[in-house]
Amino acid sequence: MSSPPRRLKSVCVFCGSSGAADSAYLVAAAHLGAALAHHGMRLVYGGGGTGLMGACARAARAAGGEVLGVMPQFLMAEEHVVEGVTLDIVGSMHERKLRMFEESDGFAVLPGAIGTLEEAVELLSWRRLGLHAKPIVFYNPGGFWDPLFTLFAQFQALRLIPPEFSECWAAVDDVDQMLRTLESLPAEGAVAVPLLQTIA
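Residues numbered from 1 in each chain as written. Predicted model: local features only at pLDDT ≥ 70, side-chain atom pairs only at ≥ 80, totals over all residues. Heavy atoms only, no water.

> I tried to follow the packing of aromatic side chains on my own but got confused; where do I start?
The description of an aromatic ring pair uses the distance of the two centres, along with the angle that the planes make with each other. Overall, the coordinates contain twelve aromatic pairs when judged by the stated rule. Plain terms: the ring middles of Phe101 and Phe107 are 5.9 Å apart, the flat faces sit at 10° to each other, and that makes the pair stacked. In terms of burial, Phe101 and Phe107 fall into one category: buried. Ring centres of Phe138 and Trp145 lie 5.5 Å apart, and the angle between their planes is 65°; this geometry places the pair in the edge-to-face category. A relative accessible area of 0% means that Phe138 is categorised as buried. Through a chain of ring-to-ring contacts, the aromatic side chains of Tyr25, Phe138, Phe144, Trp145, Phe149, Phe152, Phe165 and Trp169 assemble into a single cluster. The ring of Phe101 has Lys134 sitting right over it, with the charged end atom 4.0 Å from the ring centre. (Phe/Tyr/Trp six-rings, centres within 6.5 Å; stacked < 30°, edge-to-face > 60°. Buried < 20%, exposed > 50% of the residue type's maximum accessible area, 1.4 Å probe, protein only. Lys NZ or Arg CZ within 6 Å of the ring centre and 35° of its normal.)

Structural data, given as structure tokens:
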């Protein structure tokens, strides 16, 4: 008998901060923020008030949710903090990512650019190294992340990573599926991809 879905307390959302992002992405980010609040889950994010980050945080707060923003000191002058958000000021981008990781039970990756890609890939790298087994779900509207998934498939075809790597993450096309998918994936303590596995 399969175990029932677990209950996530905190979900980290990685996403873009550009105010010029497609309005559909902004709506999806806001939808996710509100859904987290309605499910009693804390939003953990990068602390900014622009782009998808701001839309997600404002919607979570408007719905009565708890929000933790993590921001490096050097970005304080550039980012617009969302009112009502608990802000954790750290010294560097490295500290920011580690703090966000420590405060979260699962990760939702929305459309973004270089920063979002870097955060997601590092999270997958940590998973590959066996450092965690927290669920990771990409929101992939219109195939946004397909080029990245194609690259992963190439790694696997060239036997640079084992087939099990594909079990480290999931992708959904509908933001309403994000939380259900996060809660259905293997929980902390699940077996991570073996680091030194021989690929036949």
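> It is not clear to me how the packing of helix 1 (residues 23-38) against helix 2 (residues 51-62) should be interpreted in this structure. Could you clarify?
Two quantities define a packed helix pair, namely the angle between the axes and the distance from one axis to the other. At their nearest, the axes of helix 1 and helix 2 sit 7 Å apart, and the two run at 35° to each other. Like other packed secondary-structure pairs, helix 1 and helix 2 cross with a definite hand, here right-handed. When helix 1 is examined against helix 2, the residues Tyr25, Leu26, Ala29, Ala30, Gly33, Ala34 and Ala37 are found in contact with a partner set consisting of Gly51, Leu52, Ala55, Cys56, Ala59 and Ala60. Along the lines of polarity and charge, the residues of the contact of helix 1 with helix 2 split into eleven nonpolar, two polar and no charged. (Axes fitted to C-alpha atoms, helices over the stretch in contact; angles between N-to-C directions. Helix = DSSP H or I, 4+ residues; strand = E, 2+ residues; numbered from the N terminus. Left-handed = near helix turned anticlockwise from the far one by under 90°. Contact = heavy atoms within 4.5 Å. Nonpolar A, V, L, I, M, F, W, Y, C, P; charged D, E, K, R; others polar.)

> Would you take a moment to explain the packing of helix 3 (residues 93-102) against helix 4 (residues 114-128) for this structure?
It is at 12 Å that the axes of helix 3 and helix 4 come closest, and there the two elements cross at 60°. Compared by their axis directions, helix 3 and helix 4 come out oblique. Judged by the twist between their axes, the crossing of helix 3 over helix 4 is right-handed. Contact residues: Lys97, Leu98 and Phe101 in helix 3; Glu118, Glu119, Glu122, Leu123 and Trp126 in helix 4. Within the contact of helix 3 with helix 4, the residues separate by chemical class into four nonpolar, no polar and four charged. (Parallel < 35°, antiparallel > 145°, perpendicular 65-115°, else oblique.)

> Mind showing me how you'd approach helix 2 here?
Because each turn of an α-helix spans 3.6 residues, side chains separated by three or four positions in sequence point in the same direction. The terminal C-alpha atoms of helix 2 lie 17 Å apart, and with twelve residues this matches the ideal 16 Å at 1.5 Å per residue to within 8%. Of all twelve residues in helix 2, nine are buried; the element is thus mostly enclosed. Listing the buried residues of helix 2 in full gives Gly51, Leu52, Met53, Gly54, Ala55, Cys56, Ala57, Ala59 and Ala60. Residues of helix 2 that are buried in the fold lie against strand 1 (10-14), helix 1, strand 2 (42-45) and strand 3 (67-72). Directly beyond the C-terminal end of helix 2, a positive phi value near 85° is found at Gly64. (Expected span 1.5 Å × (residues − 1).)

> Explain the environment of Gly47 here, please?
Here Gly47 lies in the loop between strand 2 and helix 2. The buried category is assigned to Gly47, whose relative accessible area is 0%. Discounting chain neighbours no more than four positions away, the residues touching Gly47 are Gly69, Val70, Met71, Val81 and Leu87.

> Please explain the sheet that holds strand 5 (residues 106-109) as it appears in this structure.
Remark on secondary structure: sheet strands pair via backbone hydrogen bonds, oriented parallel or antiparallel. Pairing within the open sheet is parallel, and its seven strands lie in the order 4-3-2-1-5-6-7. The sheet is open, and its two borders are formed by strand 4 (86-90) and strand 7 (170-172), each paired with just one other strand. With strand direction ignored, the average angle separating the axes of adjacent strands in the sheet is 25°. Pairing analysis gives four bridges linking strand 1 to strand 5, with the strands arranged parallel. Of the residues in strand 5, the one forming a bridge with Val13 is Ala108. (Pairing = 2+ DSSP bridges.)

> Mind showing me how you'd approach helix 4 here?
Compared with an ideal rise of 1.5 Å per residue, which puts 15 residues at 21 Å, helix 4 spans 21 Å between its outermost C-alpha atoms and is within 8% of the ideal. Thr116, Glu119, Ala120, Leu123, Leu124, Trp126, Arg127 and Arg128 are the residues of helix 4 that are buried. Tucked inside the fold, the buried residues of helix 4 contact strand 1, helix 3, strand 5, strand 6 (136-139) and helix 5 (146-157). One or two positions beyond helix 4, positive phi appears at Gly130, with a value near 80°.

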